[in-house]
Amino acid sequence: MTAELSPQPLDAFLRSVASTTYEEARRLPGAAVASSRDFDEIQAYILDLYAGVDAVESYVETDGQVVDCIPEYAHPAARRWGGLAVAPDQGPPEPTESDEPMTPDTRPPDIRSRDAVSPPQHDVSAARAAPAGTTPLYRTTLSALCRFPNLAASSAKERPLDLAGTEAPAAALGKRYATGEQNLPCLGGASRINVWSPFAAASNQSTFSQQWYYAGLEGPVLQTVECGWHVDITLYGDAAPHFFVFTTRRNYEAGHSFYNQAGQVFQPVSNPYVRPGAPLAVSQSGGTQVEYKMGFYFTNNAWWLYFDDHAIGCYPAAWFENGPMATNATRAKFGGEVGTLITQWPPMGSGRHASAGFRQAAYQRVATVNPASGGAAHATLSDAGSVSGPCYSLQITNNSGPDWGSYLFFGGPGGDSC
């Protein structure tokens, strides 16, 4: 039997944070903190995050992340929002039979569904119930935040150019996509997202399979809520796919855009079924396909995140400061994204092109939207010119039937001519 790792107690951890100097931080593995002033900001952020907080229990998950079980009232998001979130009484509406395409015969189940599984999260990580009156929180560490040049960069979805180094030409920096989208006033949506573990270069590349819900596309303030999985070695310190949530309330600007628990913006329920930032099980080429149902639904004056039909937490409408996402979104988008800060582009999805199909290429299926007028419907997706160049591809099928509904295959190997 493998012995359980014992983490450094939270109080001892905070003493070590307080005593660490900038010169010591620069010697941490992968450290990229830009200056002593930036280090001071990171150090103060961590100490403030845990000010007055005691851990009732701490443990190490299988991916090495430390979890502290802290009193519910002491959770940083609870302090920001006046408590942890309380799940709605009812989940999001689902498409009804009348939304399915009419055919002369009843469609049989799609045989591809037999090889698609959604493993319980306790099979993926060492997640366990927190002691009564406490809730789990991933520990925020100096070693993690110092992999970025400054605090704001740790939650930037568009990475600062100075992470690229002087040798990378500006033309090599940016994003590529393979996505299907639908423009409509909506209260969110969902899909079953297939998970892979593509390679990404440490500190320089990221790759995503996700959903976006946008508002303000035509105005001065773009706002989003986003969820899915991504590989980001700088953020997590490993090359595994991690479940993530993200929001921006102002054009992806620093200080207005946050991943997971950063910024205390995402308000979780107590003891959520899965925590943003958790590692996920992965699909096998030619074998079992791992997928998780996830999505957002705007209800009870908040954007609620659901994972395998469990309410995980929410972004309160107040976060959007009376902006366009304070009431609804106007675009739903599903698919893949990659980013690079070097001349090489990373793989997207499984690393195979969309034409490779089931068991080889990444997919999202049963993509649905929740119209602002009420109810739910299978999405009607178009690529809207999202794919450019030879490195990535996309295939969309709308309204195929109840098992797969509207779905898309997407991905590609990346390379240097994308």
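Just so it is clear, the structure is predicted and the values come from calculations on it, not from any experiment. (Residues numbered from 1 in each chain as written. Predicted model: local features only at pLDDT ≥ 70, side-chain atom pairs only at ≥ 80, totals over all residues. Heavy atoms only, no water.)

Draft legend 1. Representation of the confidence of the model for the protein chain in the model. Looking at the protein chain, the pLDDT average stands at 89 and 88% of residues meet or exceed 70. Contacts from residues 99–106, a stretch scored under 50 in pLDDT, to residues over four places away or in other chains number eight contacts. For the stretch residues 159–172, pLDDT sits under 50, and the model shows 22 contacts to residues farther than four places along the chain or on other chains. (pLDDT = per-residue confidence, 0-100. Contact = heavy atoms within 4.5 Å.)

Draft legend 2. View of the environment of Phe148. Here Phe148 is to be found in the loop between α5 (142–145) and β5 (174–194). Distance from Phe148 to Leu235, taken between C-alpha atoms, is 8.3 Å for residues 87 residues apart in sequence. (Helix = DSSP H or I, 4+ residues; strand = E, 2+ residues; numbered from the N terminus.)

Draft legend 3. Geometry of empty space enclosed by the protein. This structure, assessed with the given rule, holds one cavity of 30 Å³ or more. Considered as a void within the structure, the largest cavity measures approximately 130 Å³ in volume. A per-element tally of the lining of the largest cavity places strand β4 (residues 134–138) first, with four residues. Tallied by class, residues from the lining of the largest cavity come to nine nonpolar, four polar and one charged. (1 Å grid on protein atoms, 1.4 Å probe; cavity = no way out; pocket = protein on both sides within 12 Å on 5 of 7 lines; lining within 4 Å. Points joined across faces, edges and corners; volume = space filled by probe spheres on them. Nonpolar A, V, L, I, M, F, W, Y, C, P; charged D, E, K, R; others polar.)

Draft legend 4. Up close: the pattern of salt bridges. Under the criterion given, the structure shown has 14 salt bridges. As a salt-bridge pair, Glu337 and Lys175 come within 2.9 Å of each other at their nearest N and O atoms. Within this pair, whereas Glu337 is found in strand β14 (residues 329–340), its partner Lys175 is found in strand β5, the two being separated by 162 residues in sequence. For Lys175, a relative accessible area of 14% corresponds to the buried category. In this structure, Arg331 engages Glu181 in a salt bridge whose closest nitrogen and oxygen atoms are separated by 3.5 Å. In this pair, Arg331 sits in strand β14 while Glu181 sits in strand β5, placing the two residues 150 residues apart along the sequence. Residues Arg331 and Glu181 agree in their burial class; the two are buried. Through salt bridges with shared partners, a single ionic network connects Lys157, Lys175, Glu226 and Glu337. (Salt bridge = Lys/Arg side-chain N within 4 Å of Asp/Glu carboxyl O. Buried < 20%, exposed > 50% of the residue type's maximum accessible area, 1.4 Å probe, protein only.)

Draft legend 5. Up close: the pairing of strand β18 (residues 407–411). For β18, a buried count of five out of five residues is recorded, marking the element as mostly surrounded by other parts of the structure. Residues Tyr407, Phe409 and Gly411 line one face of β18 and the alternating positions Leu408 and Phe410 line the opposite face, and both faces are buried. Pairing of strand β15 (residues 362–371) with β18 involves three bridges; the strand directions are antiparallel. What sits directly across from Ala362, in β18, is Phe410. (Pairing = 2+ DSSP bridges.)

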